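Report on the structure
Each chain, letter by letter, is given below.
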Amino acid sequence: MNTLSIDFLEKVYTVQKEKSLHGKWITYKDIENLFSKYKSYFEVKQIGTSEENRPIQQLKIGKGTKKVLLWSQMHGNESTGTRALFDLFNCFIHDSGNVFSKVLEECTLVFIPMLNPDGSQAFTRVNANQVDLNRDAVDRIAKESKLLRQVLEDFNPQFCFNLHDQRTIFNVEGTKNPATISFLAPSEEITRALTKGRIETMDVIVSMNNMLQNVIPNHVGRYTDEFYPTATGDNFQKLGYNTILIESGHYPNDYDREETRKYTFFSILQGIHHIAISSSFNNYKTYFKIPNNDKMFYDVIHRYPNSENDAAYQYEDKIIDDKLVSKLNKVEEKSLKSKIGHSEIVFENKNI
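We now turn to the structure provided with this report. Every value quoted in this text rests on a predicted model; they were computed, and no experiment measured them. (Residues numbered from 1 in each chain as written. Predicted model: local features only at pLDDT ≥ 70, side-chain atom pairs only at ≥ 80, totals over all residues. Heavy atoms only, no water.)

In this structure, the largest pocket encloses a volume near 1,000 Å³. Considering the residues around the largest pocket, the lining is formed by 40 residues, among which Glu78, Arg125, Asp165, Gln166 and Arg167 are closest to the centre. Looking at the lining of the largest pocket, the elements with two or more residues in it are β5 (159-165), α8 (232-238), β9 (242-248), β10 (293-295) and β12 (311-320). Of the residues forming the lining of the largest pocket, the biggest block, four residues, is contributed by β12. Among the residues forming the lining of the largest pocket, the class breakdown is 10 nonpolar, 14 polar and 16 charged. In this structure, the second largest pocket is lined by Glu43, Lys45, Ile47, Gln58, Lys60, Val110, Gln150, Val151, Asp154 and Phe155. Where the lining of the second largest pocket is concerned, the elements lending two or more residues are β1 (43-49), β2 (55-62) and α6 (143-155). (1 Å grid on protein atoms, 1.4 Å probe; cavity = no way out; pocket = protein on both sides within 12 Å on 5 of 7 lines; lining within 4 Å. Points joined across faces, edges and corners; volume = space filled by probe spheres on them. Helix = DSSP H or I, 4+ residues; strand = E, 2+ residues; numbered from the N terminus. Nonpolar A, V, L, I, M, F, W, Y, C, P; charged D, E, K, R; others polar.)

Moving on: empty space enclosed by the protein. Using the criterion set out here, one finds one cavity of 30 Å³ or more in the structure. A volume near 60 Å³ is recorded for the largest cavity. Lining the largest cavity are Met74, Leu115, Leu133, Asp136, Ala137, Arg140, Glu144, Ser145, Leu148, Arg149, Thr232 and Phe236. The set of elements that each furnish at least two residues to the lining of the largest cavity consists of α6 and α8. Considering every element that reaches the lining of the largest cavity, the biggest residue donor is α6, with four residues. The residue inventory of the lining of the largest cavity, partitioned by class, reads six nonpolar, two polar and four charged.

All right, on to the sheet that holds β12 then. In spatial order, the strands read β13-β12-β11-β14; together these four strands make up an open sheet with mixed pairing. Whereas interior strands pair on both sides, the edge strands pair on one side only; in this sheet they are β13 (323-331) and β14 (340-346). Strand-to-strand twist of the sheet, defined as the mean angle between neighbouring strand axes without regard to direction, takes the value 30°. Sheet topology places strand β11 (residues 297-303) next to β12; three bridges connect them, and they run antiparallel. Residue pairing for β12: His302 is matched across the bridge by Ala311. (Pairing = 2+ DSSP bridges. Axes fitted to C-alpha atoms, helices over the stretch in contact; angles between N-to-C directions.)

A separate point is α6. In this model, α6 (13 residues) spans 18 Å end to end at C-alpha, consistent with the 18 Å of a helix rising 1.5 Å per residue. All of the buried residues along α6 are Glu144, Ser145, Leu147, Leu148, Arg149, Val151, Leu152 and Phe155. Backbone geometry just downstream of α6 places Asn156 in the positive-phi region, at approximately 55°. (Expected span 1.5 Å × (residues − 1). Buried < 20%, exposed > 50% of the residue type's maximum accessible area, 1.4 Å probe, protein only.)

Our next topic: the pairing of β12. Two faces, one strand: in a regular strand the side chains alternate between the faces of the sheet. As paired elements, β12 and β13 share nine bridges and run antiparallel to each other. Bridging from a neighbouring strand, Asp317 pairs with Ser326 of β13. Where β12 folds back onto β13 in an antiparallel hairpin, the turn is made up of two residues, including Asp321, whose phi is positive at roughly 50°.

What follows deals with the packing of helix α4 (residues 98-106) against helix α9 (residues 258-277). Across the interface, α4 lies against α9 with an axial gap of 9 Å and an inter-helix angle of 55°. The pairing of α4 with α9 is recorded here as oblique in orientation. Crossing hand, α4 versus α9: left-handed. Mapping the contact onto sequence places Val99, Phe100, Lys102, Val103 and Glu106 in α4 and Leu269, Ile272, His273, Ala276 and Ile277 in α9. Here the contact of α4 with α9 is built from residues that sort into seven nonpolar, one polar and two charged. (Parallel < 35°, antiparallel > 145°, perpendicular 65-115°, else oblique. Left-handed = near helix turned anticlockwise from the far one by under 90°. Contact = heavy atoms within 4.5 Å.)

Right, let's get into the environment of Phe161. With respect to the helices and strands, Phe161 occurs in strand β5. For the pair Phe161 and Ile246, spaced 85 residues apart in the sequence, the C-alpha separation amounts to 7.2 Å. Contact partners of Phe161, with chain neighbours within four places excluded, come to Val68, Leu69, Leu70, Trp71, Val204, Met208, Ile244, Ile246, Gly271, Ile272 and Ile275.

Put simply, helix α1 (residues 6-16) and helix α3 (residues 80-94) touch, their axes get as near as 9 Å, and they point 95° apart. Here α1 lies roughly perpendicular to α3, going by the angle between them. Contacts from Val12, Tyr13 and Gln16 in α1 reach Asp87, Asn90, Cys91 and His94 in α3. For the contact of α1 with α3, the class distribution of residues is three nonpolar, three polar and one charged.

Moving on: the nonpolar core. Among the nonpolar cores identified, the biggest contains 66 residues, and Phe42, Phe92, Phe111, Phe161 and Ile272 are the most heavily contacted of them. Grouped together as the second largest cluster of nonpolar side chains are 18 residues, Met74, Val110, Ala142 and Phe236 included. (Core = buried A, V, L, I, M, F, W, Y, C linked by side-chain atoms within 4.5 Å.)

Now for the packing of aromatic side chains. Scanning the model with the defined rule gives 23 aromatic pairs in all. Cluster of aromatic residues (ring-pair linked, three or more members): Phe8, Tyr28, Phe35, Tyr38, Phe42, Phe86, Phe89, Phe92, Phe100 and Phe111. When the ring centre of Tyr228 is taken as origin, the NZ or CZ atom of Arg135, which lies over that ring, is 4.6 Å away. In this structure, Arg222 is placed above the aromatic ring of Tyr287, and the distance from its NZ or CZ to the ring centre is 5.4 Å. (Phe/Tyr/Trp six-rings, centres within 6.5 Å; stacked < 30°, edge-to-face > 60°. Lys NZ or Arg CZ within 6 Å of the ring centre and 35° of its normal.)

What follows is the structure in structure tokens.
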């Protein structure tokens, strides 16, 4: 299996990172002026509008027979994948090296870098009508869900990348490490059968995991493959479109997810390069060696001499006066002995 070197990935990321995008709150206004610089290299077009009539843009590049569809910010408050995609776009217009030329020779890539611009503006998971697009794959109530399905059916991709962010609560099972990146080959039905599509999806995930173990060993988890009947990935997989879920998670002291952004970029590039150079996709068995996600973390834990007084807190992000504000909220938890805080404060006096 051809794994891209970390030296190469670090170098290209440092040079091509889209420096105009930073932090968790990324809106359509942040990206709208970037599309003009891609028009000489990509086919860029508006494919529709959101419920509140914000534009939804698509970028297409490549001439190969292997079709790959990638989308981000299906949940408006999950922007790490969006930033990583714009880093990747810069690579295609500025780097003509073998890795990128091979991808464009073998693949045709379609990107929807912000599927839910209304949720992105409000920094909410849901769209303007309070619909969770990732649970709307069957009913397709939302305009954005209808649009994604139309693109899927018109383009007919062999692989899809569904880019999300996961909460800071997750650790890699069996470790005290946060799950910085988690992967999933979604199930197609309730028995979680090992279908041809899931095997091919797992093969690409194995490639990405092998690469990440060279840079963030033991910080990679496997998201639960419980079947969700209305979820996007599960339904796309069921329809025959191999769908890779990437969940961008927490890295120590990285609440803006800028380090995680880098590892998300690494993963996407490794994944599409692997698709480009591979003639078969059946190397799946080590997928099951990726540890599951576990839930060991809180953002902050206060420790007291009497552990029964310990208290846990989680950040809640909200837009207040046009700024992203993170507030710590206390979490009710009977015992914190088995839990870890990303930050822990130890008090000697239980009355403090």
